[in-house]
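These are the residues of each chain, in order.
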Amino acid sequence: MEGITLYPLSYYERSIYKGSYRGINFYLQKSGEENPVLLATVWKGPFAFDCTEEEKYSEEFPYNEEGILAADNWIADKQREICGG
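Residues numbered from 1 in each chain as written. Predicted model: local features only at pLDDT ≥ 70, side-chain atom pairs only at ≥ 80, totals over all residues. Heavy atoms only, no water.

A. View of the pairing of strand β1 (residues 17-21). Here β1 runs beside strand β2 (residues 24-31); their pairing, made up of five bridges, is antiparallel. Paired with K18 across the two strands is Y27, which belongs to β2. Between the antiparallel neighbours β1 and β2 lie two residues, among them R22 with a positive phi of about 45°. (Pairing = 2+ DSSP bridges. Helix = DSSP H or I, 4+ residues; strand = E, 2+ residues; numbered from the N terminus.)

And the structure:
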């Protein structure tokens, strides 16, 4: 995503990355302990996750550096799909 830098894998061990990008909001977080994945969730802004009635979209990615790149691309693609550009 242009202008957004996702953190290295170690960040997701303890934190959820929350952000917004050109009209969408998103989370990127570790999900699962035994076989962890990166879980990305996006929805149309401007409201927070718990306060919106907008549809939420989620996708799982491998819990590795390649998964971070794939999640980054997916979030950018969903932004174009949801907001038209």
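Moving on, there is more to tell.
B. Quick peek at the pairing of strand β3 (residues 37-44). Here β3 lies mainly inside the structure; seven of its eight residues are buried. In sequence, β2 turns back onto β3 through a hairpin of five residues, with G32 there showing a positive phi of about 90°. In terms of strand pairing, β3 meets strand β4 (residues 56-62) through seven bridges, oriented antiparallel. When the bridges of β4 are listed, A40 appears paired with E59. (Buried < 20%, exposed > 50% of the residue type's maximum accessible area, 1.4 Å probe, protein only.)

C. Expanded view of the packing of aromatic side chains. Applying the stated rule across the entire model yields nine aromatic pairs. On the numbers, 4.2 Å between centres and 20° between planes, the contact of Y7 with Y11 is stacked. Overall, Y7 belongs to the partly exposed group, its relative accessible area being 36%. Here Y27 and F49 contribute two aromatic rings whose centre-to-centre distance is 5.5 Å and whose plane-to-plane angle is 25°, an arrangement assigned as stacked. Highlighted residues: Y27 in strand β2 and F49 in the loop between β3 and β4, separated in sequence by 22 residues. Each residue in the set Y7, Y11, Y12, Y17 and F26 is aromatic and connected to the rest through ring pairs, giving one cluster. Above the plane of the ring of F49 lies K56, whose end atom (NZ or CZ) is 4.6 Å from the centre. Above the face of the Y57 ring, K78 is positioned so that its terminal group lies 4.0 Å from the ring centre. (Phe/Tyr/Trp six-rings, centres within 6.5 Å; stacked < 30°, edge-to-face > 60°. Lys NZ or Arg CZ within 6 Å of the ring centre and 35° of its normal.)

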